[in-house]
Amino acid sequence: MLHSNDAPHARPAPASSSRSAVLRSAVALGAAALLIGAGTAASAHGSPKGADPEDQALRFDPDGYTTLTVAVDGEPTTVRWYKELCYVAEPVLMSEDQVRFGQPITIDNPGCGYQSMNVYVPEAAFADEDAALYLAVNNAGWFASYVRTSVTDGAAYDTSTSNIGAALAEGYVVIDVGTRSREVVGADGSWPGKSPAPVVDAKAAVRYLRLNDAAMPGSAERIVVNGTSGGGGLSAILGASGNSRDYLPYLAEIGAAGIDAKGRSTLRDDVLAINAYCPITDLGNADIAYEWLYSILGTRAATGQDPFPETTEALAAEFAAYERSLRLRNPDGTRLTADTMLEALHGEVAGSAVAFMQGGGVIEGYGWITVDNAADTVTSIDLASYLEYVVTQTTLKPAPSFDQSGTPAPGTLGGPGQGESSLFGTSDMAYSNFTAFSWNTNEVLGDGTGLDDTGLTWSRYVRKPGTIVDDQVRLLDPMEYIGTSADTAPYWYVRHGALDRDTAFTVSINLDRALEADRSVEDVDYRLAWNTKHAGNYDVPEAMAWIAEVLADADGASHHRRR
């Protein structure tokens, strides 16, 4: 891969948040929380550590499976199902009664259903110590994910449309991972899914796989993480923050594998490859990016979707400084700024159209783009008309779009807006504002968050000792870890639908440019998916071909142990 930057990207933190993060990290981590063992941990197929009682409790039983028979492209396939393996020694007890996407549900395993994994081993991988592990996180909307059952006895899978079927056909071990996240309710009535819980749980799952690598089919050095929307965001931060010490205290709290009695790490949690769709990420700046994108060319006003113009204007005004702070570059070496972002987006849209035509597609009937289908070329793009077309396919979110709680913005399911606010705050809070704008303009007295309740502006609040919200935002953001000492995954496949209005295109463009600038990243396959809304796994053959290619490349380049 050619890198467009001369130096790896490193995102500067604002002085106030950097200072508070350092103070809190010193207290939380202490001298004991040092990562030991990125190079001295168990070998690729080492045995579980016997000295640690929590690790002993997490031993994998290779005989504890149920045999399933499924059809993959019409062919019978035998699969061994290891059901709901609890990947932490101290899981959080949950309430049996939960709500997901506004609907009440009752869960069967309150003891560990949100911190367990279903493992499916196809016949081809029964004795294959090198089979890839296809790890699926299922956190749409950043909501908590009760462990999914993707493979069921008697089911039929078409490898052209089913990523699970295609993974089984390739001989990969398929793993569904449940994680805590927003909205999950504990048995004690608390909300134990606050950030960084989903990332911590995903890392704990990876550590469980490494701990038991010798006993389990497949190789924990060949983990490919798949996720869509909030799951795409979780995939991105998991891939970006490999082996970061920042998460060690949280991992210790839940009895994750490879954390010794002194809080030090004896196992790794980096992964090989990320397969992310429409990642909802960089949440601390997502509102700024969204309002800039859909106001810079007058999209909101032109389509009559501008219910809070003053909010839009205030948020959009912050974008230029934010983008400049990232110090990113385009593939041609030019700086990526607010002044050049529209040109970058134009190029990505054109690239999306060209890829579609090269794949045999025909583009016609769109008023905002002209092409030569015979030559697979783009003649012109009217970017203002393009953005208007995007938001007529799916109505824009109100401003603010992500940190909505306590603001006048209505919710998509009716009632007051929420966005991702319920992902933040302490476990006894329903939500917390997590951005300066929403914090300072919160209008709901008594909700425990915002200037109105605390008497403190955002900048003053995050300087208080013990404040956690700004750290919660940082621990979810891959942009904070790419280009740093973290062991970022070397292979990335990122798709963002060209008609996806759920998050700004600028967010995925920034992610791509940051990854391209990280010299430890070997391959970034990023594209806007032509004529596609907010969705994932719509390109199974292409994605699976990429996975096979990077697995072969990793083998050839000996990337199984990068450190």
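Here the structure is shown first, and the text comes after it.
Okay, so let's go over this structure.

Calculation notes
- Residues numbered from 1 in each chain as written.
- Predicted model: local features only at pLDDT ≥ 70, side-chain atom pairs only at ≥ 80, totals over all residues.
- Heavy atoms only, no water.
- Helix = DSSP H or I, 4+ residues; strand = E, 2+ residues; numbered from the N terminus.
- Expected span 1.5 Å × (residues − 1).
- Buried < 20%, exposed > 50% of the residue type's maximum accessible area, 1.4 Å probe, protein only.
- Pairing = 2+ DSSP bridges.
- Contact = heavy atoms within 4.5 Å.
- Axes fitted to C-alpha atoms, helices over the stretch in contact; angles between N-to-C directions.
- Core = buried A, V, L, I, M, F, W, Y, C linked by side-chain atoms within 4.5 Å.
- Disulfide = S-S within 2.5 Å.

1. Observations concerning helix H17 (residues 505-517)
- Compared with an ideal rise of 1.5 Å per residue, which puts 13 residues at 18 Å, H17 spans 19 Å between its outermost C-alpha atoms and is within 8% of the ideal.
- Extensive coverage of H17 is indicated by the burial of 13 of its 13 residues.

2. Description of the pairing of strand E15 (residues 491-497)
- With seven of seven residues buried, E15 lies mostly within the body of the structure.
- Along E15, one buried face is formed by Tyr491, Tyr493, Arg495 and Gly497 and the opposite face, lined by Trp492, Val494 and His496, is buried too.
- Bridge count between strand E10 (residues 273-277) and E15: five bridges; the pairing is parallel. Paired with Ala276 across the bridge in E15 is Val494.
- As judged from the seven bridges shared by E15 and strand E16 (residues 523-529), these two strands associate in the parallel manner.

3. Considering the sheet that holds strand E9 (residues 223-228)
- One open sheet accounts for ten strands, arranged E7-E1-E2-E5-E8-E6-E9-E10-E15-E16; its pairing is mixed. Each edge of the open sheet carries a strand with a single partner, namely strand E7 (156-157) and E16.
- Running at roughly 165 degrees to E15, helix H18 (residues 540-557) makes contact with strand E6 (133-137), E9, E10, E15 and E16 of the sheet.

4. Re the environment of Asp470
- Note on placement: Asp470 falls in helix H16 (residues 469-474).
- The spacing of Asp470 and Gly284 is 186 residues in sequence and 8.6 Å in space, taken between C-alpha atoms.

5. Observations concerning the nonpolar core
- In this structure, Met117, Leu209 and Trp492 are the most contacted members of the largest nonpolar core, which totals 117 residues.
- If one sorts the elements of this core by residue count, helix H4 (residues 197-211) sits on top with nine residues.
- The contact partners of Leu209, leaving out residues within four places of it in the chain, are Met117, Leu133, Leu135, Ile175, Met216, Ala220 and Ile223.
- Within the second largest apolar cluster, 32 residues are counted, among which are Tyr157, Ile164, Ile547 and Ala554.

6. Focus: the state of the cysteines
- For the structure on display, the rule yields one disulfide.
- Between the sulfur of Cys86 and that of Cys112 lies a disulfide, 1.9 Å long from S to S. Judged by the sign of its S-S torsion, about 80 degrees, the bond between Cys86 and Cys112 is right-handed. Here the residue Cys86 occupies a position in strand E2 (residues 75-86), and Cys112 occupies one in the loop between strand E4 (103-106) and strand E5 (116-122), the gap between them amounting to 26 residues.
- Take Cys86: its relative accessible area is 25%, and that puts it in the partly exposed class.

7. Quick notes on the environment of Gly258
- Tracing the sequence through the fold places Gly258 in the loop between helix H6 (248-253) and E10.
- Given the relative accessible area of 0%, Gly258 is considered buried.
- Expressed as a C-alpha distance, the spacing of Gly258 and Leu248, which sit ten residues apart in the sequence, is 9.9 Å.
- Filtering out sequence-adjacent residues up to four positions away, Gly258 remains in contact with Asp55, Arg207, Arg264, Ser265, Thr266 and Leu267.

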